[in-house]
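A look at the structure
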Amino acid sequence: MSYLLPHLHSGFAVDQAILSEEGRVVVLRFGHDYDQTCMQMDEVLASVADQIKNFAVIYLVDISEVPDFNTMYELYDPCTIMFFFRNKHIMIDLGTGNNNKVNWAMTDKQEFIDVVEVVYRGARKGRGLVVSPKDYSTKYRY
């Protein structure tokens, strides 16, 4: 499903996407198109892209093709989602301890829309850290 979403092929393109978007949240998916986790996430992203187009824009970045951000954002996971608003990285407290990014595939479409909406509302108010509507600290039940 990644072919339905716009790809950014250079570090400059990523920077311009973040810088140029004034009124919407920039959702960046870092990873590989062929990775299973990214495929699941891309399916959700592609299906909700039209619903969130008024307050968010989604881009895909291949971490092998554009390695510029790998160390800066610690992109070691197969699939990573990050949020930016007006050239500012918006952190989200998901209850996992890592507030910088989402590093698993969200399979529920409404859940992802809710997360993006919370990021947008918090970022518009000037908050750098927003709290997720759902707590993911018990995502894995042992």
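Above this note sits the structure.
Residues numbered from 1 in each chain as written. Predicted model: local features only at pLDDT ≥ 70, side-chain atom pairs only at ≥ 80, totals over all residues. Heavy atoms only, no water.

Looking at where D135 falls in the secondary structure, it is placed in the segment after strand 6 (129–131). Note: C-alpha distance between D135 and T96 (39 residues apart in sequence) is 8.1 Å. Look past the residues within four positions of D135 in its chain and what remains in contact with it is L94 and G95. Polar side-chain contacts of D135 include one of 2.8 Å to the side chain of S137. (Helix = DSSP H or I, 4+ residues; strand = E, 2+ residues; numbered from the N terminus. Contact = heavy atoms within 4.5 Å. Polar contact = N/O pair within 3.5 Å; in protein donor to acceptor, adjacent residues only side chain to side chain.)

Let's shift gears to helix 3 (residues 109–124). Between the first and last C-alpha of helix 3 there are 23 Å, a value that for 16 residues agrees with the 22 Å anticipated at 1.5 Å per step. For helix 3, the set of buried residues is E111, F112, I113, V115, V116, V119, Y120, G122 and A123. On its buried face, helix 3 sits against strand 2 (25–31), helix 2 (36–48), strand 3 (56–62), strand 4 (79–85), strand 5 (88–93) and strand 6. Backbone nitrogen of Q110 and a side-chain oxygen of the N-cap are separated by 3.5 Å at the start of helix 3; the cap is D108. Following helix 3 by one or two positions, G126 has its phi on the positive side, about 95 degrees. (Expected span 1.5 Å × (residues − 1). Buried < 20%, exposed > 50% of the residue type's maximum accessible area, 1.4 Å probe, protein only.)

Whenever strands of a sheet pair, they do so through backbone hydrogen bonds, lying parallel or antiparallel. Read across the open sheet, the six strands follow the order 1-3-2-4-5-6; overall the sheet is mixed. Among the strands making up the open sheet, the edge pair consists of strand 1 (7–8) and strand 6. Strand direction decides the pairing type here: strand 2 and strand 3, joined by seven bridges, are parallel. Directly across from R29, in strand 3, lies its bridge partner L60. (Pairing = 2+ DSSP bridges.)

Moving on to a positive patch on the surface. Where like charges cluster on the molecular surface, the positive patch consists of R86, R124, K125 and R127. Take K125: it is sitting in the loop between helix 3 and strand 6. (Patch = residues over 30% accessible without salt bridge, like charges linked within 9 Å, V, L, I, M, F, W, Y side chains within 5 Å. Areas by Shrake-Rupley, 256 points an atom, 1.4 Å probe, with all protein chains shown as cover. Salt bridge = Lys/Arg side-chain N within 4 Å of Asp/Glu carboxyl O. Lys, Arg positive; Asp, Glu negative; His and termini not counted. Charge placed at Lys NZ, Arg CZ, Asp CG, Glu CD.)

Turning our attention to the nonpolar core. Within the largest apolar cluster, 34 residues are counted, with the highest numbers of intra-cluster contacts made by V27, M41, I52, F83 and F112. The set of elements that each furnish at least two residues to this core consists of strand 2, helix 2, strand 3, strand 4, strand 5 and helix 3. Among all residues touching F83, those that are not within four sequence positions of it are V25, V26, V27, K88, H89, I90, I92, V102, V115, V116 and V119. The next biggest cluster of nonpolar side chains, apart from the first, holds 17 residues, and it includes A17, V26, L28 and Y73. (Core = buried A, V, L, I, M, F, W, Y, C linked by side-chain atoms within 4.5 Å.)

Remember, this is a structural readout, not a statement about activity or role.
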